[in-house]
Amino acid sequence: MYQTSWKFHRDLPATTVFGWGTSAATATVPGTQIEALQGVPTLVTWQNRLPQSHVLPWDLTIPAAVPKKGGVPIVVHLHGGIIPPQSDGHASAWFTADFAETGPTWSQSTYTYPNAQHAGNLWYHDHVVGRTRVNLLAGLIGPYIIRNTPST
């Protein structure tokens, strides 16, 4: 995840967003479409390369993840996925850039998605406690498709 600029419409100026990609230059909103095969596990190590400050204001009256050393905390949840708890994107399993700080339920940097469920359309998104809405509005969403295993 990177902070980048994104142009949502040709008649509007680019705006600062959080996007998914391997660099700020390639980051997109929504994130890259992940395509998986039913029954074939997918392993992902999500990388947080977000800045010290958020691009949007957030409500300080709502309990939220607030890293002591600063940074934007995130945790990725595969919405609709049937996955092990440690890869489910628990709201308190957040991490900041380069895993400098982690939340109280964080346990691993690589997530396993078994893709053992029916084929279908899912989506991945940030799920951090108290900041999910601003992180989604900033751009941290993306499509995840489980396709049927090709017949042989």
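Think of each chain on its own: its residues are numbered from 1, step by step along the sequence as written. Thresholds applied to this predicted model are a pLDDT of at least 70 for local features of residues and 80 or more for the giving and counting of side-chain atom pairs; totals over whole chains, interfaces and linings are not thresholded and use all residues. Side-chain calculation: all heavy atoms of the structure are included, whereas hydrogens and water are not.

Some remarks on the pattern of salt bridges
So, step 1. Salt bridges are defined as contacts in which a side-chain nitrogen from Lys or Arg sits within 4 Å of a carboxyl oxygen from Asp or Glu. Inspection of every chain in the model, using the stated rule, returns three salt bridges.
So, step 2. Asp-11 serves as the salt-bridge partner of Arg-10, at 3.6 Å between the closest nitrogen and oxygen.
So, step 3. Taking relative accessible area as the criterion, Asp-11 reaches 56% and is therefore assigned exposed.
So, step 4. Between Arg-49 and Asp-98 there is a salt bridge, and its shortest N-O distance comes to 2.3 Å. Residue Arg-49 is found in the loop between β4 (42–45) and β5 (76–79), and its partner Asp-98 is found in the loop between β5 and β6 (110–113); the two are separated by 49 residues along the sequence.
So, step 5. The exposure class assigned to Arg-49 is partly exposed, which follows from its relative accessible area of 34%. Type-normalised accessible area, obtained with a 1.4 Å probe on protein chains alone, sets the label of each residue: buried when under 20%, exposed when over 50%, and partly exposed for intermediate values. Secondary structure elements are taken from DSSP: a helix is a run of H or I of four residues or more, a strand is a run of E of two residues or more, and numbering for both begins at the N terminus.

Remarks on the sheet that holds strand β7 (residues 120–126)
So, step 1. A pair of strands counts as paired when DSSP detects no fewer than two bridges linking them. The sheet built from four strands is open, its strands ordered β3-β8-β7-β5 with mixed pairing. In the strand order of this sheet, the two ends are held by β3 (34–37) and β5, each with one partner. Strand-to-strand twist across the sheet, computed as the mean angle between neighbouring axes with direction ignored, equals 25°.
So, step 2. Pairing between β5 and β7: four bridges, direction antiparallel. When the bridges of β7 are listed, Leu-78 appears paired with Tyr-124. Interaxial angle, 0 to 180 degrees, is taken between N-to-C directions of lines fitted to C-alpha atoms, where a helix line uses only the stretch in contact.

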